[in-house]
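Each chain is listed here by its residues.
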Amino acid sequence: MLHALREYGAKLGGEPGFKSREVRWCIQLSEAGQLLNIVPLGDGKAGVMLERCADMHGMVSGGKAHFLVESAQTIALHFKEGEEPAKVDSATARHQYYSKMLAQAAADLAVLAHPSKLLCDPVALDQIRAMMVAKRIKPADWVSWQVGAFDPREDTGVQQWWRDWRLQDLGGGVETGDSLPAGSMLCLLTGEPVEPLLTQPKISGLSGVGGLSMGDVMVGFDKAAFQSYGLEKSTNAAMGEAPAQQYVDALNHLIRQQKEATGKNPSRRTNAMMVYWFKEHIPPEEDPFSMLFGMETDEGQTASALSQARKLLDAIRSGNRSALGNNHYYAMTLSGASGRVMVRDWMDGQFVQLVSHIEAWFSDMAIVHREGGNRLAPDPKFLAVGGSLVRELKDLPASTTSVLWHAAVAQLPIPQPLMAQALDRFRSAIVKDETFNHARMGLIKAYFVRQPQGKALMQPYLNPDHPDPAYHCGRLLAILAKLQRDALGDVGAGVVQRFYAAASTAPGLTFGRLVGNSRNHLGKLEGGLSYWYEQQIAEVLKQLGDQFPRTLNLEGQGLFALGYYQQLAALRTPKKDSNNSNTKGESA
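Since this is a predicted model, take the numbers as computed values, not measurements.

## Considering the pattern of salt bridges
Taken as a whole and judged by the stated rule, the model has 17 salt bridges. We note a salt bridge from arginine 52 to glutamate 15, for which the minimum N-O separation is 2.4 Å. On the criterion of sequence distance, the pair formed by arginine 52 in strand β4 (residues 48-54) and glutamate 15 in the loop between α1 (2-11) and β1 (18-23) is long-range, its members being 37 residues apart. According to the relative accessible area criterion, arginine 52 is partly exposed, its value standing at 25%. For arginine 166, the salt bridge is made with glutamate 241, and the minimal N-O distance between the two is 2.0 Å. Pair noted here: arginine 166 is in helix α6 (residues 156-169) and glutamate 241 is in helix α7 (residues 241-264), with a separation of 75 residues, a long-range link.

## Quick look at α6
Taking 1.5 Å of rise per residue, 14 residues should cover 20 Å, and α6 covers 20 Å from first to last C-alpha, within 8% of that figure. Among the residues of α6, Val158, Gln159, Trp161, Trp162, Trp165 and Arg166 are the ones counted as buried. Within α6, the buried residues cover an arc of 155° as seen down the axis, which keeps them to one side. In this structure, α6 carries Thr156 and Gln168 as exposed residues pointing more than 90 degrees from its buried face. Put simply, aspartate 155 is the residue that caps the front of α6, since its side-chain oxygen is 3.0 Å from the backbone nitrogen of glycine 157. Immediately beyond the C-terminal end of α6, within one or two residues, lies glycine 171, with a positive phi of roughly 90°.

## A look at the packing of aromatic side chains
As enumerated under the stated definition, the model contains 28 aromatic pairs in all. Each ring, one from phenylalanine 67 and one from tryptophan 161, has its centre 5.1 Å from the other, and the planes form 35°; the classification is tilted. With phenylalanine 67 in the loop between β4 and β5 (70-71) and tryptophan 161 in helix α6, this pair connects stretches of sequence that are 94 residues apart. The buried category is assigned to phenylalanine 67, whose relative accessible area is 3%. The structure contains a cluster of three or more aromatic residues connected by ring pairs, namely Tyr276, Phe278, Phe289, Phe293, Tyr329, Phe351, Phe382 and Trp405. Taking the ring centre of tryptophan 142 as reference, the NZ or CZ of arginine 21 above it sits at 4.3 Å.

## What to know about the nonpolar core
Counting residues in each nonpolar core, the largest one holds 92 residues, and the members touching the most others are Trp361, Trp405 and Tyr564. In terms of residue count, the dominant contributor to this core is helix α17 (residues 469-488) (11 residues). Filtering out sequence-adjacent residues up to four positions away, tyrosine 564 remains in contact with Phe426, Ile430, Phe436, Gly474, Arg475, Leu477, Ala478, Val496 and Tyr500. Formed by 35 residues, the second largest nonpolar core is a distinct cluster that contains Leu29, Leu102, Ala106 and Trp161.

## Side note on the environment of serine 304
Along the chain, the position of serine 304 falls in the loop between α9 (298-301) and α10 (305-318). Residue serine 304 is classed as buried on the basis of its relative accessible area, which comes to 10%. When the C-alpha atoms of serine 304 and proline 378 are compared, they prove to be 7.4 Å apart, with 74 residues separating the residues in sequence.

## Remarks on the packing of helix α14 (residues 416-431) against helix α21 (residues 554-571)
Across the interface, α14 lies against α21 with an axial gap of 10 Å and an inter-helix angle of 50°. Classed by the angle they form, the pair α14 and α21 counts as oblique. Crossing angle aside, the handedness with which α14 passes α21 is left-handed. Along its contact with α14, which presents Gln416, Met419, Ala420, Leu423, Phe426, Arg427 and Ile430, the element α21 presents Leu554, Glu555, Gln557, Gly558, Ala561 and Tyr564. When its residues are assigned to classes, the contact of α14 with α21 shows 8 nonpolar, 3 polar and 2 charged.

## Describing the side chain of arginine 94
Turning to its location among the elements, arginine 94 is positioned in helix α3 (residues 85-108). Comment: no salt bridge for buried arginine 94; closest opposite-charge side chain is glutamate 70, at 5.7 Å. In this structure the side chain of arginine 94 is engaged in a polar contact, spanning 2.9 Å, whose partner is the side chain of glutamine 73. Within the structure, the side chain of arginine 94 is placed 3.0 Å from the side chain of serine 90, a separation counted as a polar contact. Residues in contact with arginine 94, not counting those within four places in the same chain, are Gly63, Lys64, Ala65, Gln73 and Thr74.

## Observations concerning unusual backbone geometry
Residue leucine 77 is not a glycine yet carries a positive backbone phi of 55°. Here leucine 77 is to be found in the loop between α2 (72-76) and α3. By relative accessible area, leucine 77 is classed as buried at 19%. For tyrosine 229, which is not a glycine, the phi torsion comes out positive at approximately 55°. By secondary structure assignment, the location of tyrosine 229 is in the loop between β8 (193-194) and α7.

## Looking at the pairing of strand β9 (residues 273-278)
Among the 6 residues in β9, 6 count as buried, and that is most of the element. Where burial is concerned, the two faces of β9 agree: the one with Met273, Val275 and Trp277 and the one with Met274, Tyr276 and Phe278 are both buried. Pairing between β9 and strand β10 (residues 328-337): 6 bridges, direction antiparallel. Directly across from valine 275, in β10, lies its bridge partner methionine 332.

## Describing the sheet that holds β9
Sheet architecture is open: 3 strands sit in the order β9-β10-β11, paired in antiparallel fashion. Unpaired on one side and paired on the other, β9 and β11 (340-350) mark the two borders of the sheet. In this sheet, neighbouring strand axes are inclined to one another by 20° on average, regardless of whether the strands run parallel or antiparallel. Pairing of β10 with β11 involves 10 bridges; the strand directions are antiparallel. By the bridge assignment for β11, alanine 337 is matched with arginine 340. Of the strands in this sheet, β9, β10 and β11 are in contact with α1, which crosses β9 at around 65°.

## Looking at the sheet that holds strand β6 (residues 142-147)
Across the sheet, 4 strands lie side by side as β3-β2-β6-β5; this open sheet has mixed pairing. In this open sheet, the two strands that pair with only one neighbour each are β3 (35-40) and β5. Relative to β6, strand β2 (residues 25-29) runs parallel, the two sharing 5 bridges. Within β6, the position partnered with cysteine 26 by the bridge is serine 144. Taken strand by strand, helix α5 (residues 122-134) contacts β2 and β3, and its axis lies near 30° from that of β3.

The rules behind these values
Residues numbered from 1 in each chain as written. Predicted model: local features only at pLDDT ≥ 70, side-chain atom pairs only at ≥ 80, totals over all residues. Heavy atoms only, no water. Salt bridge = Lys/Arg side-chain N within 4 Å of Asp/Glu carboxyl O. Helix = DSSP H or I, 4+ residues; strand = E, 2+ residues; numbered from the N terminus. Buried < 20%, exposed > 50% of the residue type's maximum accessible area, 1.4 Å probe, protein only. Expected span 1.5 Å × (residues − 1). Arc of directions from axis to C-beta. Polar contact = N/O pair within 3.5 Å; in protein donor to acceptor, adjacent residues only side chain to side chain. Phe/Tyr/Trp six-rings, centres within 6.5 Å; stacked < 30°, edge-to-face > 60°. Lys NZ or Arg CZ within 6 Å of the ring centre and 35° of its normal. Core = buried A, V, L, I, M, F, W, Y, C linked by side-chain atoms within 4.5 Å. Contact = heavy atoms within 4.5 Å. Axes fitted to C-alpha atoms, helices over the stretch in contact; angles between N-to-C directions. Parallel < 35°, antiparallel > 145°, perpendicular 65-115°, else oblique. Left-handed = near helix turned anticlockwise from the far one by under 90°. Nonpolar A, V, L, I, M, F, W, Y, C, P; charged D, E, K, R; others polar. Lys, Arg positive; Asp, Glu negative; His and termini not counted. Pairing = 2+ DSSP bridges.

Structure representation (structure tokens):
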């Protein structure tokens, strides 16, 4: 996993001592060094990602500051009203460190003379703080500089000064060669002798899924119980500075991409973060993961995800897109926990396998539309499936998201506890007479499809020849409910609301009474309709044989729910369409 991340990070051209930051404001100076303005960067909701911002080492020890690009609090001593004295003292120490380092750089680089001089002027510093208050700049917002039209962060001379200063502050480099230098170890990622990092760079961007706003570590040994052979902290998994920075850059880049995609497509938002990449670039319209989350392109909006996946799979297998067959995918599920990055799942494999698995996910989830009409329900977005298990999406545990993600990407069986959860939500919706949830019914169906022999038995539409009595018990309840409505109209709590729980768990004790009472309803209908209902009931009773099942286990209750749903959809289908079941699914 780390090797794959490092390979991806190497393509980004990252370098130890530099990182990308989301910067929200820029202090603008004239070419003569006069304070002009503080302008916002970005769209107001988020800043802009600026590359190659200096990243100071050893920040945990306190009293240090990053070079050039820093927070409004550190640059200008900008505090929220009533800030605690201890935090003011800590920020003041960082401000002094920042100003001193900027003055050192200005002694060698004339381009930094104006920002350095400004910070030494109490009047100018008051003006900066007044502007920050007026513009409602938060103390934690990142701020950059601009002198005239010049951005010192991008200057190669400024970058080289920072490299030299950092190297000197770290005490110089470590010579590597055939023999292991004193105090060095073999790098876990490269196998080369290195001076291992005592603490590794942090991963940022996981605060929405349990991480810390200051960042989380992927590799860390901060407890004595985690350490071995007298090694301290991250030397227990020795890595050189450059390889460690590469895997960290890769993760930060992938997390940033996922957050940007979530901003454009809220269907990606979840309580665990799924990040992925490909060995070779894939255009968005051919990205199987985008199909899973919900297509964002114009073309994707007009075609179902299932048809998109099948089209791409056919193109690979026919040789029209043979190059895609050699591609590779990598996927991780991440969350934060107590300052650490929690890798909940890791998958990698051939691109063609991924497309095949995504196609199977939508095929297995395909279910008849709740209004019938011989049409399939829209292909469900991934989080619609997860959301169907809980009252609100925010209640969906990260562990459940991870399990569903793995089932979709690796074509694994749906765990029975998830089917039970969907079934519980279905029963609750039945009692409350709520609209059927397509994703929930699709998940229950997919559970059975992914069982041995399941694909042949469980179809998107009604299967009158299904071999399990539990399925036909569900069908019978749907027919009896429709019969009651046609005979009596809306009676409030009908047969389904009153008897579904009992009928789906103990049909042998429930259906005798219900079938007997149906004769009263048949008597209230006209001859032709009454005869039609008698035929429907007789056909189902023929499938059930001599008696109803006494009780149903969990799987039986799932089949009962599918039989009820699919029969109800069939009853809602106009007779002229009853023989046409080849309709393709709608777009998601």
